[in-house]
Amino acid sequence: QQPVQSPQAVILREGEDAVINCSSSKALYSVHWYRQKHGEAPVFLMILLKGGEQKGHEKISASFNEKKQQSSLYLTASQLSYSGTYFCGTEMKESTDKLIFGTGTRLQVFP
Amino acid sequence: SAVISQKPSRDICQRGTSLTIQCQVDSQVTMMFWYRQQPGQSLTLIATANQGSEATYESGFVIDKFPISRPNLTFSTLTVSNMSPEDSSIYLCSVDRNNYGYTFGSGTRLTVV
């Protein structure tokens, strides 16, 4: 039931781009994206509610393919502050009242 | 946006004892969620706490081990009972802010020795 994220880890130089994928085995109602820095709680980035929806947040954007039960997070022109672990969180159509987190992707950005 | 105060922030406990974690929200919320995050892992939902009813536990978590109270719409506690070293983890409470995502407490880092 836990969504699977890929890749598990990414290493970037400042200014490079990355894509993080989130795939569910169950039909999705919504997809959230969070970033967690070491020793801190996860921080909400964005929510996608409709299949085909794309959202942007500064240089971070995401898409939601409802039919494929997948979402992708796009990080462009990465900055040092982007380092952390990224989690997708999914609300399943069968149970929209709880958030199940994906396996996580650790992102490190170096100068 | 909701602000959550969670305490304690960390504790070291002897095996066989219990620890109660408290979360206070600055606004009324229908549901509160309790997660566990083991070192280097993702967040796992333990249970959902509704005011005035029994908490709903996820597979693998039972009320005898993780009793939850929800006495009002701004407060909840999670107790980790009869602890063993395998319970060493970070425990987080959370609330759903609808289109603004979930907000988390700062977490309780539990070490069982």
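Look above for the structure.
Below, the structure is looked at part by part. These figures come from a predicted structure and were not determined experimentally.

Quick look at the interface of chain B and chain A
And step 1. On the side of chain A, 19 residues touch chain B, which itself brings 20 residues to the contact.
And step 2. Taken together, the two surfaces of chain B and chain A that pack against each other cover about 1,400 Å², and 58% of this comes from carbon and sulfur.
And step 3. Taken as a group, S42(B), L43(B) and Y102(B) account for 32% of the area that chain B buries against chain A, more than any other trio of residues on that side.
And step 4. Across the contact surface, chain B and chain A share one salt bridge.
And step 5. Among the salt bridges present, the one from E58(B) reaches K98(A), with a minimum N-O distance of 3.0 Å.
And step 6. On inspection of chain B and its partner chain A, the count reaches six residue pairs in polar contact (both at pLDDT 80 or more).
And step 7. Elements supplying a minimum of two residues to the side of chain B that touches chain A: β4 (31–37), β5 (43–50), β9 (89–96) and β10 (102–104) of chain B.
And step 8. Among the elements that take part in the side of chain B that touches chain A, β4(B) stands out by supplying four residues, more than any other.

Notes on the side chain of E91(A)
Residue and element names in this part refer to chain A.
And step 1. Tracing the sequence through the fold places E91 in strand β9 (residues 84–92).
And step 2. It turns out E91 is buried and unbridged, and the closest side chain with the opposite charge, K98, is 11 Å from it.
And step 3. Within polar-contact distance, the side chain of E91 engages the side chain of S30 at 2.4 Å.

Here we look at the environment of Y35(B)
And step 1. Examined against the element boundaries, Y35(B) turns out to sit in strand β4.
And step 2. Each C-alpha atom, one on Y35(B) and one on S69(B), is 15 Å from the other, the two residues being 34 residues apart in sequence.
And step 3. Apart from residues lying up to four places away in sequence, Y35(B) is in contact with L99(A), F101(A), L43(B), T44(B), L45(B), I46(B), I90(B), Y91(B), L92(B), S94(B), Y102(B) and F104(B).
And step 4. Among the polar contacts listed, one links the side chain of Y35(B) to the backbone oxygen of L99(A), at a separation of 2.7 Å.

With respect to the environment of V25(B)
Residue and element names in this part refer to chain B.
And step 1. Within the secondary structure, V25 sits in strand β3 (residues 19–25).
And step 2. Under the relative-accessibility criterion, V25 is labelled buried at 3%.
And step 3. In this structure, the C-alpha to C-alpha distance between V25 and A2, residues 23 residues apart in sequence, is 6.7 Å.
And step 4. Setting aside its immediate chain neighbours within four residues, V25 contacts A2, V3, I4, M32, T74 and V95.

Focus on the state of the cysteines
All names here are of chain A.
And step 1. One pass over the full model with this rule turns up two disulfides over all chains.
And step 2. Here C22 is linked by a disulfide to C88, with a sulfur-sulfur distance of 2.1 Å. Between C22 and C88, the S-S dihedral sits near 70°, and the bridge is therefore right-handed. One end of the pair, C22, is in strand β3 (residues 18–23); the other, C88, is in strand β9, and 66 residues separate them in sequence. Taken as a pair, C22 and C88 share a single burial class, namely buried.

Reading the values: the criteria
Residues numbered from 1 in each chain as written. Chains lettered and ligands numbered in written order. Predicted model: local features only at pLDDT ≥ 70, side-chain atom pairs only at ≥ 80, totals over all residues. Heavy atoms only, no water. Contact = heavy atoms within 4.5 Å. Buried area = accessible area lost by both parts, 1.4 Å probe. Salt bridge = Lys/Arg side-chain N within 4 Å of Asp/Glu carboxyl O. Polar contact = N/O pair within 3.5 Å; in protein donor to acceptor, adjacent residues only side chain to side chain. Helix = DSSP H or I, 4+ residues; strand = E, 2+ residues; numbered from the N terminus. Buried < 20%, exposed > 50% of the residue type's maximum accessible area, 1.4 Å probe, protein only. Lys, Arg positive; Asp, Glu negative; His and termini not counted. Disulfide = S-S within 2.5 Å.

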